[in-house]
Amino acid sequence: MPVWVEAGLYGLLAGGTLVVGALLAWFVRVPQPVVAGIMAFGAGVLISALAFDLVDEAERTGGLVPTVAGFVGGAVAYFLANLALARRGARHRKRSGDQQPREDEQGGSGAAIAVGALLDGVPESVVLGLTLLGGGGVGVPVLAAIAVSNLPEGLSSAAGMKAAGRSARYVFGVWTAIAVASGLAGLLGCLLLQGASDGTVAAITAVAAGAILAMVADTMIPEAFERTHLWAGLIATLGFVVAFTIDRV
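Computed from a predicted model, the values in this text were never measured in an experiment. (Residues numbered from 1 in each chain as written. Predicted model: local features only at pLDDT ≥ 70, side-chain atom pairs only at ≥ 80, totals over all residues. Heavy atoms only, no water.)

### A few points about the packing of helix α1 (residues 3–27) against helix α5 (residues 140–163)
So, point 1. Axis separation between α1 and α5 bottoms out at 7 Å; the angle between their running directions is 35°. With respect to the hand of their crossing, α1 and α5 are arranged in right-handed fashion. Residues Tyr 10, Ala 14, Gly 15, Thr 17, Leu 18, Val 20, Gly 21, Ala 22, Leu 24, Ala 25 and Trp 26 of α1 form the contact with α5, whose own contacting residues are Leu 143, Ile 146, Ala 147, Asn 150, Leu 151, Glu 153, Gly 154, Leu 155, Ala 158, Ala 159 and Lys 162.
So, point 2. Looking at the contact of α1 with α5 residue by residue, the classes come out as 15 nonpolar, five polar and two charged. (Axes fitted to C-alpha atoms, helices over the stretch in contact; angles between N-to-C directions. Helix = DSSP H or I, 4+ residues; strand = E, 2+ residues; numbered from the N terminus. Left-handed = near helix turned anticlockwise from the far one by under 90°. Contact = heavy atoms within 4.5 Å. Nonpolar A, V, L, I, M, F, W, Y, C, P; charged D, E, K, R; others polar.)

In structure tokens form, the structure reads like this:
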């Protein structure tokens, strides 16, 4: 199987947990503190993967300057895109309560939320595809981190969409499309960068990592803290430790 096809399948697999989370939110009444606890755990898992698998690897293969420049650039790019989407009603797209605006309250907010979900998911899938370029197979800690964090993201956001009165067709259409887009992002990230220099791959990995960290701080941690309060830090730490252990084992 070509490595770029494998990257696409892994991206689809990781993105598919968004749909699983949305299904749980739609058909099962999951207490909001439980959703937030899972969100905190997922945030810790992602932070660990960023630190030990993405940024560290990018610095070792591509050097400090490309890594730092890419990391900051990715965070800035995410911030600017997220700022534009927030003004159109997507600020609370990861919230499980009634923070998301209804379409009749802010026209176009549904489209902004969908685009925001795409913005959150694509960088993760790109770096997942890039882990295959070294020829050693998929980065298992990165795959686990993305899959684990996507579950509460889909669960929390879909619960908020449902509370805002959005239809099942809209909710599952959004998350299915994001799962497919995740697969395409992993595929393209791997396909387009085959044969690229270590510095180029490191810089792009760092760009995606910076965007992911900005996303975690901006959308996942606020939801986790709002519902779990003082437990959020401990649960996130447990997620970090679990991901770190997977990486070392």
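Moving on, there is more to tell.
### Overview of the UniProt feature "transmembrane region" (unreviewed entry) in the protein
So, point 1. Mapped onto this structure's residue numbering, the UniProt feature "transmembrane region" (unreviewed entry) falls at residues 7–27, 34–52, 64–85, 126–148, 168–193, 200–217 and 229–246.
So, point 2. As a span, residues 168–193 carries 96% helix and 0% strand, and end to end its C-alpha atoms are 37 Å apart. (UniProt positions renumbered as here; feature names shortened; annotations may be inferred.)

### Here's the deal with the side chain of Asn 150
So, point 1. Residue placement: Asn 150 occurs in helix α5.
So, point 2. Of note is the side chain of Asn 150, whose polar atom sits 2.9 Å from the backbone oxygen of Ala 14.
So, point 3. Aside from chain neighbours lying at most four places away, what touches Asn 150 is Ala 14, Gly 15, Thr 17, Leu 18 and Glu 124. (Polar contact = N/O pair within 3.5 Å; in protein donor to acceptor, adjacent residues only side chain to side chain.)

### Examining helix α7 (residues 198–228)
So, point 1. Of all the bends in α7, the greatest reaches close to 35° and is centred on Ile 221; the proline Pro 222 follows between one and four positions later.
So, point 2. One or two residues past the end of α7 sits His 229, with phi positive at roughly 55°. (Bend = angle between axes of the 7 residues up to and from the residue.)

### As for the environment of Ala 185
So, point 1. With respect to the element layout, Ala 185 can be found in helix α6 (residues 168–192).
So, point 2. When the C-alpha atoms of Ala 185 and Val 127 are compared, they prove to be 9.0 Å apart, with 58 residues separating the residues in sequence.
So, point 3. Residue contacts for Ala 185: discarding those within four places in its chain leaves Val 122, Ser 125 and Val 126.

### Describing the packing of helix α2 (residues 32–62) against α7
So, point 1. Put simply, α2 and α7 touch, their axes get as near as 8 Å, and they point 160° apart. Here α7 runs roughly antiparallel to α2, going by the angle between their axes. In this structure, α2 crosses over α7, and the sense of that crossing is left-handed.
So, point 2. In the contact of α2 with α7, the residues fall into 20 nonpolar, eight polar and three charged. (Parallel < 35°, antiparallel > 145°, perpendicular 65-115°, else oblique.)

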